[in-house]
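Observations on the model geometry
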Amino acid sequence: LLLKEFEKRENYLKDCLSAKVKDKDELQEKIEEIEERLGSNRLMMQEMQENEKLLHEAFVEQLGENNKFADFLTKVFKKKIKRVKKSADVGADSDESDSDDDYDMSSDEEDDDEEEHHLDLNVCPPGCSQELYDSTILLREKKMDLEEAIAEEKKSIETLKKEQDSLVKKSKVINHGVKGAMNDLEAFQLEKQKKMNELDMVVTLNLNQIKYGNSAELPNDLSQCLVFQGAGVNVLANRIKELQLEKSQQIKKFKELKRSHIMLKKGKKNMQDKLIELDERCRNTMMLKFGRLVDLDKLESITTNRIADELKETISKKDRKYNRKLKEWDVQINQAKERLITTTKEHTGRIDTVLEITKEKEELETVLDTKQKNLGGEFSGTRQGDLKERQRLLQLVQLQAQEIDALKDEIGILSRKDGHILPPTQTSVPSLPPIGAGR
């Protein structure tokens, strides 16, 4: 009966523990799902903020430099307007209306704006490009769409954060319940072991297996004795010394923690006093500056850092300027490369010409040498004509040598930077009759 009762209680406690663990796992899955949604929403918001920056850069780029309407168009671009959602019954006529029909503004704000700037921001001023003004209006609409989408994402993120916080609180409660169920089960196991130890068990022992403490003799009444193994006595004796050592160590640790606790309490008190002082200074500063207490979080979310925006605009302008210069230098480098290729081709052609002339000179010298060797036997009767022909050939060789030297000088001039090229000298070369014509 005792075992059956213990079994029922144990099964009940295990079921409670498993149910709480299941609830804990389900809640943890929900928390992880919300964290994933928060991460994706944050990424979307960052992407929209990047798009807003790109939109602002596009506006600055379309303004260009030295635009006399830059201030006016900037005010148009940054103007805050009250947007009116279109009704579902509006058809194609709404698409043909001006972009100013998509938003509305109170007459008081328009009057104040006109009095302040002397120009109506809803009308393109004379002298300003209508296309540039319409493009500014379109960019403003896109900017406001992005701002509304970012605001919606912020609201969604805040909602998810609140849901996450509530789930975290529930998770803490469930974890506390799981810990309590585990403690209940552990306490039940101890109670069960205690009850089981109270049950009477019959064990057969020999007298030589029994030792009564340090005494050699056994007492007549063994009903008040506890029977267990002799090795357990040694373990318990050693355990006494271990517990004494642990006690001394815990006492030292407690003293150190007590000193640390006192120091932390002093530090906490000093930080609380400093926090109260800073809070009072902050309140006084807000009263002096604003005349009332202001929520700093809301103020930071509303105001923009004008200096940072101006620095960003300056950086973007310098980036565009340097990019243009880099493109110009790239064009100049490409043109210089093309000129270098053209000059190299011309030099190569002139070298080929020199080689051809040199080859022709060698052929003519070979012909002359051959004729000189064969003059005695073959042309004895025409000695005078051969001498004239030889003289003419020598003259031709000298002229070609001069032309080769001129070409070499011209190649040397071209090899130097910014060399001036003179036109080649025209030398009359006597016509060369075919070989064998004077025979």
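Parameters at a glance
Residues numbered from 1 in each chain as written. Predicted model: local features only at pLDDT ≥ 70, side-chain atom pairs only at ≥ 80, totals over all residues. Heavy atoms only, no water. Helix = DSSP H or I, 4+ residues; strand = E, 2+ residues; numbered from the N terminus. Buried < 20%, exposed > 50% of the residue type's maximum accessible area, 1.4 Å probe, protein only. Areas by Shrake-Rupley, 256 points an atom, 1.4 Å probe, with all protein chains shown as cover. Patch = residues over 30% accessible without salt bridge, like charges linked within 9 Å, V, L, I, M, F, W, Y side chains within 5 Å. Salt bridge = Lys/Arg side-chain N within 4 Å of Asp/Glu carboxyl O. Core = buried A, V, L, I, M, F, W, Y, C linked by side-chain atoms within 4.5 Å. 1 Å grid on protein atoms, 1.4 Å probe; cavity = no way out; pocket = protein on both sides within 12 Å on 5 of 7 lines; lining within 4 Å. Points joined across faces, edges and corners; volume = space filled by probe spheres on them. Phe/Tyr/Trp six-rings, centres within 6.5 Å; stacked < 30°, edge-to-face > 60°. pLDDT = per-residue confidence, 0-100. Contact = heavy atoms within 4.5 Å. Axes fitted to C-alpha atoms, helices over the stretch in contact; angles between N-to-C directions. Parallel < 35°, antiparallel > 145°, perpendicular 65-115°, else oblique. Left-handed = near helix turned anticlockwise from the far one by under 90°. Nonpolar A, V, L, I, M, F, W, Y, C, P; charged D, E, K, R; others polar. Lys, Arg positive; Asp, Glu negative; His and termini not counted. Charge placed at Lys NZ, Arg CZ, Asp CG, Glu CD. Expected span 1.5 Å × (residues − 1).

Looking only at helices and strands, the protein features 10 helices and two strands. Taken from N to C terminus, the helices and strands of the protein fall in the order α-α-β-α-β-α-α-α-α-α-α-α. Each of the 439 residues in the protein was classed as buried or not, and the buried ones make up 17%. When the accessible surface of the protein is split by element, carbon and sulfur atoms take 53% of a total near 35900 Å².

Okay, a nonpolar patch on the surface next. Judged by side-chain polarity, Met201, Val203, Leu205, Leu207, Ile210, Tyr212, Leu218, Leu222 and Val227 come together as a nonpolar surface patch covering roughly 890 Å² of accessible area. Along the chain, the position of leucine 207 falls in the loop between helix 5 (130-198) and helix 6 (230-290). You can call leucine 207 exposed: its relative accessible area is 65%.

In this structure, Phe59, Leu73 and Tyr133 are the most contacted members of the largest nonpolar core, which totals 26 residues. Counting only elements with at least two residues in this core, the list comes to helix 1 (2-63), helix 2 (70-78) and helix 5. Residue contributions to this core peak at 10 residues, all from helix 1.

Bringing the layout of surface pockets into the picture now. Considered as a void within the structure, the second largest pocket measures approximately 690 Å³ in volume. Lining the second largest pocket we find 17 residues, and of these Ile210, Lys211, Leu226, Val227 and Phe228 sit closest to its centre.

Quick look at the packing of aromatic side chains now. Scanning the model with the defined rule gives one aromatic pair in all. Ring geometry for phenylalanine 6 versus phenylalanine 188: centroids 5.8 Å apart, planes at 75°, classification edge-to-face. Highlighted residues: phenylalanine 6 in helix 1 and phenylalanine 188 in helix 5, separated in sequence by 182 residues. Each member of the pair, phenylalanine 6 as well as phenylalanine 188, carries the same accessibility label: buried.

Let us look at the confidence of the model for the protein. Residue-level pLDDT values for the protein average 78, and 79% of them are 70 or greater. For the protein, the element scoring lowest by mean pLDDT is strand 2 (residues 103-104), at 40; helix 6 scores highest, at 91. Under a pLDDT of 50 for its full length, residues 86-117 has, in the predicted model, 33 contacts with residues more than four places off or in other chains. Note that residues 425-439 has pLDDT below 50 and, in this model, 15 contacts with residues that lie over four places away or in other chains.

Moving on, we get to the environment of leucine 3. Locating leucine 3 in the fold gives a position in helix 1. Given a relative accessible area of 55%, leucine 3 falls into the exposed group. Put simply, leucine 3 and methionine 196 are 193 residues apart on the chain and 9.0 Å apart in space, counted from C-alpha to C-alpha.

Turning our attention to the packing of helix 1 against helix 2. Helix 2 packs onto helix 1 with a crossing angle of 155° between their chain directions and a minimal axis gap of 11 Å. Between helix 1 and helix 2, the angle is such that the two are roughly antiparallel. Crossing hand, helix 1 versus helix 2: right-handed. Contacts between helix 1 and helix 2 involve His56, Phe59 and Leu63 from the former and Ala70, Leu73, Thr74, Phe77 and Lys78 from the latter. Split by residue class, the contact of helix 1 with helix 2 holds five nonpolar, two polar and one charged.

As a further point, take the packing of helix 2 against helix 5. Two numbers describe how helix 2 lies on helix 5: the axes approach to 8 Å, and their chain directions differ by 30°. As far as their axial angle goes, helix 5 and helix 2 are roughly parallel. Crossing of helix 2 against helix 5: the hand is right-handed. Along its contact with helix 2, which presents Phe72, Leu73, Val76, Phe77 and Lys78, the element helix 5 presents Leu132, Tyr133, Thr136, Ile137, Leu139, Arg140 and Lys143. Taken together, the residues that form the contact of helix 2 with helix 5 break down as eight nonpolar, one polar and three charged.

On to the pattern of salt bridges. Taken as a whole and judged by the stated rule, the model has nine salt bridges. A salt bridge links arginine 239 to glutamate 246; the shortest N-O distance between them is 3.5 Å. Exposure remark for arginine 239: the relative accessible area of 34% places this residue in the partly exposed category. For aspartate 279, the salt bridge is made with arginine 283, and the minimal N-O distance between the two is 3.7 Å.

A few words now on the side chain of histidine 347. Position of histidine 347 relative to the elements: it lies in helix 8 (residues 306-373). The residues contacting histidine 347, other than those within four sequence positions of it, are Leu414 and Ser415.

Our focus in this paragraph is the side chain of glutamate 153. Of note, glutamate 153 is situated in helix 5. Despite its burial, glutamate 153 remains without a salt bridge, the nearest opposite charge being carried by arginine 37 at 9.6 Å. In contact with glutamate 153, other than residues within four places in its own chain, are Asn41, Met44, Met45 and Met48.

On the surface, a cluster of negative charge is made up of Asp23, Asp25, Glu26, Glu29, Glu32, Glu33, Glu35, Glu36 and Glu163. Ranked by the residues each element gives to the negative patch, the list is headed by helix 1, at eight residues. Mapped onto the secondary structure, glutamate 33 falls in helix 1. Under the relative-accessibility criterion, glutamate 33 is labelled partly exposed at 46%.

Here we come to helix 6. Each α-helix turn comprises 3.6 residues. Residues three or four places apart therefore point the same way. Between its first and last C-alpha, helix 6 extends 84 Å over 61 residues, near the 90 Å set by a 1.5 Å rise per residue. The first or second residue beyond helix 6 is glycine 291, which carries a positive phi of 80°.

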